[in-house]
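Descriptive analysis of the structure
Okay, here's what each chain looks like letter by letter:
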Amino acid sequence: MTIETLTAFAKSRGFVYPSSEIYGQFAAVYDYGPLGQQLKKNIQAAWEKEMVQKNANIYGLDAGVFMAPKVWEASGHTESFDDPQIDCRGCNSRYRADHILEQFDIDKDRALLTEINAELDKLHAEKKIKCEKCGGTDFTPAKQFNLLVKTNLGSPTDELTAENTVYPRGETCQGIYVNFENVRQSMRAKVPFGIAQVGKAFRNEIVARQWIFRTREFEQMEMQFFVKPEDEMTEFGNWREKRLAWYRDVLKFNMENIRIKPHDKLAHYAKAAEDIEYNYTALGGFKEMEGVHARSDWDLGRHSEFSDTKLDYFEEGSERFIPHVVETSVGLNRLFLACLHEYFDTEEMKEGDTRTVLRFPAFLAPIKVAILPLSKKPHLTEKARAVFALLAEEFVCEYDETQSIGKRYRRQDEIGTPLCVTVDFGTLGEEAEGQCKKDCVTVRDRDTMKSEEVAIGDLVSYVQKQLAN
Ligand code: ATP
């Protein structure tokens, strides 16, 4: 599948739209349509169930997007949250220098600027780097570009100065660290315990040309697990395995599409860092979807130092210590993109016909049940609307009375709806050949395409059972 096919599919079916499209599109931001926002919510709910609901010692949090600017000094973001950038002198197109080097199998991820420029100079001398847009070979040297977005929130002047700059958060985990003590005290939590949150993050990505994979506004699902120093590496291994098990056993991903990539270079404080990569074929192969990191006592240590607040921990019979952190961090949008890859299927049918099916597990499907009257005759649609009202109390449903029943089934297959409920003249008690009995409907299964007759009185429990399978 190409990225063009995928974006066109996602737009036409109501999953993802370009931002501000009627104004010519706003780069690197995307809007999630009726089905996309529902899918996103379902992915988030599945993650929260796994991380918070199923773990008695992990607590949820919803911290603000804006935080005291000093947070970003303590975290090191104002100083070194940089990516190296080069510009084409011919047309001003901008590139990530480390990504260009990657194309030549040179790994300079998080390397010093001098090292990056030395490698670039060699390639420039051989005219190996060409601008994708204009074909030019004249580039500026690499310079660091800070990824934090700047705003003047709460400032009496609209001029941005070093004093009044506020940053919408560049990652969600800082909200977790600064609330460590609040959560510990209010929840009477004992180490080891975790705090998890889902929320927006903002980064001034230099180049964001990979649809929803890399955007300037995105969502992260992060969990920080606070542990004793001696348990850090064991917990790191545990969490890597738990995260892989979630993809395998809950999301039912084909594990050939997932691989682990340890970081070649670690941040100076980190004990270990691994990426869980997904095979985004539409983007050319394996890329980072989630990170699992052992971060030592760096985060709480730095916030303790910069805020002058004690963030250490003590239990009867033990020494005081600053808890170490094991982090799992997955981009909600990147997981959304992985789901579109993973569940998208085209199935050969009879006589050279094919159908497209999004084989979402029921808990991820944006629409659980579609209610389809066989025709638009008013007395039939009235009954179908009553069936919709009955089911919509319990499930996210769609009502559709346009086009032939066959086309409507196909449309529901394409958006991954597990069940279609057809209301026909038999439902109304009218004599009609091949139609269902009075007060019954037919329920069609997306995957088997088989239909079953179900009494309306049993419909809610029937659907519940089918969706749980
Ligand atoms: P990359 O190397 O791809 O820029 P990163 O290593 O900077 O990512 P982290 O800071 O570890 O990413 O963030 C954790 C997760 O947040 C990533 O694994 C990814 O899923 C998601 N993420 C990070 N940046 C973006 C972005 N610009 N757009 C969408 N998701 C992102």
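All figures in this text were calculated on a predicted structure; none of them were measured in a lab.

Cut-offs used in this document
Residues numbered from 1 in each chain as written. Predicted model: local features only at pLDDT ≥ 70, side-chain atom pairs only at ≥ 80, totals over all residues. Helix = DSSP H or I, 4+ residues; strand = E, 2+ residues; numbered from the N terminus. Buried ≥ 20, exposed ≤ 12 C-beta atoms within 10 Å, placed from the backbone. Contact = placed C-beta atoms within 7 Å. Pairing = 2+ DSSP bridges. Axes fitted to C-alpha atoms, helices over the stretch in contact; angles between N-to-C directions. Domains from an automatic or database assignment. Nonpolar A, V, L, I, M, F, W, Y, C, P; charged D, E, K, R; others polar. Core = buried A, V, L, I, M, F, W, Y, C linked by C-beta atoms within 7 Å. Near = placed C-beta within 6 Å. Parallel < 35°, antiparallel > 145°, perpendicular 65-115°, else oblique. Arc of directions from axis to C-beta.

**What to know about the overall build of the protein**
Looking only at helices and strands, the protein features 14 helices and 19 strands. Over its C-alpha atoms, taken along the principal directions, the protein stretches across nearly 80 × 65 × 50 Å. Taking all 469 residues of the protein together, 34% fall into the buried category. Intrachain contacts of the protein at a sequence separation of at least 6 include 64% that bridge at least 24 residues.

**Quick word on the sheet that holds strand β7 (residues 193-202)**
With mixed pairing, the seven strands of this open sheet are ordered in space as β3-β7-β8-β12-β11-β10-β9. The open sheet has two free edges, formed respectively by β3 (58-60) and β9 (258-262), since each of these has just one partner strand. Averaged over all pairs of adjacent strands, the angle between strand axes in this sheet comes to 25°, irrespective of strand direction. Relative to strand β12 (residues 324-331), strand β8 (residues 217-227) runs antiparallel, the two being bridged by eight bridges. Paired with Gln 224 across the strands is Glu 327, a residue of β12. Running at roughly 145° to β3, helix α2 (residues 34-53) makes contact with β3, β7 and β8 of the sheet. On the sheet, helix α9 (residues 232-250) packs against β8, β9, β10 (272-280), β11 (285-294) and β12 and is oriented at approximately 145° with respect to β11.

**Concerning the pairing of strand β19 (residues 451-455)**
In this sheet, β19 lies alongside strand β18 (residues 440-445) in antiparallel orientation, the contact comprising five bridges. Of the residues in β19, the one forming a bridge with Val 443 is Glu 452. Following β18, the chain reverses through five residues before pairing antiparallel with β19; Met 449 in that reversal takes a positive phi of roughly 60°.

**Regarding the domain arrangement of the protein**
We note that the domain assignment places domain 1 (3-67 + 151-340), domain 2 (82-146) and domain 3 (367-468) within the protein. On a C-alpha basis, the centres of domain 1 and domain 2 stand 28 Å from each other. The partner domain 2 presents nine residues to the four residues of domain 1 that form the contact. Across the side of domain 1 that touches domain 2, the residue classes break down as two nonpolar, no polar and two charged.

**Some points on unusual backbone geometry**
For residues besides glycine, phi is generally negative; the peptide bonds are generally trans as well. Note that the residue after Val 191, namely Pro 192, is joined by a cis bond; omega there is 5°. For Pro 192, the location among the structural elements is in the loop between α8 (180-186) and β7. Here the phi dihedral of Ser 296 falls at roughly 55°; this positive angle occurs in a residue that is not glycine. Residue position: Ser 296 is located in the loop between β11 and α10 (298-307). With 20 C-beta atoms packed within 10 Å, Ser 296 lands in the buried category. Of note, the phi angle at Asp 308 is positive, near 60°, even though the residue is not glycine.

**Things to note about the nonpolar core**
Core analysis: the largest hydrophobic core is formed by 84 residues, its most contacted members being Ile 43, Leu 335, Phe 336, Val 369, Ile 371, Val 387 and Val 421. Of the residues forming this core, the biggest block, seven residues, is contributed by helix α11 (residues 332-343). The residue makeup of this core includes at least three contributed by each of domain 1 (3-67 + 151-340) and domain 3 (367-468). With sequence-adjacent residues up to four places away left out, Val 387 is seen in contact with Ile 371, Val 421, Val 423, Val 441 and Ile 456.

**A closer look at the site of the ligand**
The local shell around the ligand holds 16 residues, among which Phe 218, Gly 291, Ser 329, Gly 331 and Arg 334 are the closest. Looking at the shell around the ligand, the elements with two or more residues in it are β8, β11, β12 and α11. Among the elements that take part in the shell around the ligand, β11 stands out by supplying four residues, more than any other.

**Examining the packing of α2 against α11**
Orientation of α2 relative to α11, taken along the N-to-C sense of each, is 105°, at an axis distance of 10 Å. In terms of orientation, α2 lies roughly perpendicular with respect to α11. Of α11, the residues touching α2 (which contributes Leu 39, Lys 40, Ile 43 and Gln 44) are Leu 332, Leu 335, Phe 336 and Cys 339. Of the residues contributing to the contact of α2 with α11, the split by class is six nonpolar, one polar and one charged.

**Overview of the environment of Asp 62**
Inspection of the secondary structure puts Asp 62 in the loop between β3 and α3 (70-74). Separated by 136 residues in sequence, Asp 62 and Val 198 have C-alpha atoms that sit 7.2 Å apart. Among all residues touching Asp 62, those that are not within four sequence positions of it are Gln 197 and Gly 199.

**What to know about the sheet that holds strand β17 (residues 419-423)**
With mixed pairing, the five strands of this open sheet are ordered in space as β16-β15-β17-β18-β19. Among the strands making up the open sheet, the edge pair consists of β16 (397-399) and β19. Within the sheet, the average angular offset between the axes of one strand and its neighbour, ignoring direction, is 25°.

**Description of helix α13 (residues 405-414)**
All of the buried residues in α13 are Tyr 409, Gln 412 and Asp 413. End-on view of α13: buried residues confined to an arc of 105°, all on one side of the axis. Residues of α13 that are buried sit in contact with β14 (354-358), β15 (369-373), β17 and β18. Just past α13, the residue Gly 416 takes up positive phi, approximately 85°.

**Let's talk about the environment of Glu 4**
Position of Glu 4 relative to the elements: it lies in helix α1 (residues 3-12). The exposed category is assigned to Glu 4, around which 10 C-beta atoms lie within 10 Å.

**Description of the pairing of β15**
β15 sits mainly inside the fold: five of its five residues count as buried. A two-sided burial pattern is seen for β15, the buried positions comprising Val 369, Ile 371 and Pro 373 on one face and Ala 370 and Leu 372 on the other. Of the pairings in the sheet, the one linking β15 to β16 comprises three bridges and is parallel in character. Residue Ile 371 lies in a different strand from β16, and its bridge partner there is Tyr 399. With five bridges joining them, β15 and β17 adopt parallel strand pairing. Counted as the bridge partner of Pro 373 is Val 423 from β17.

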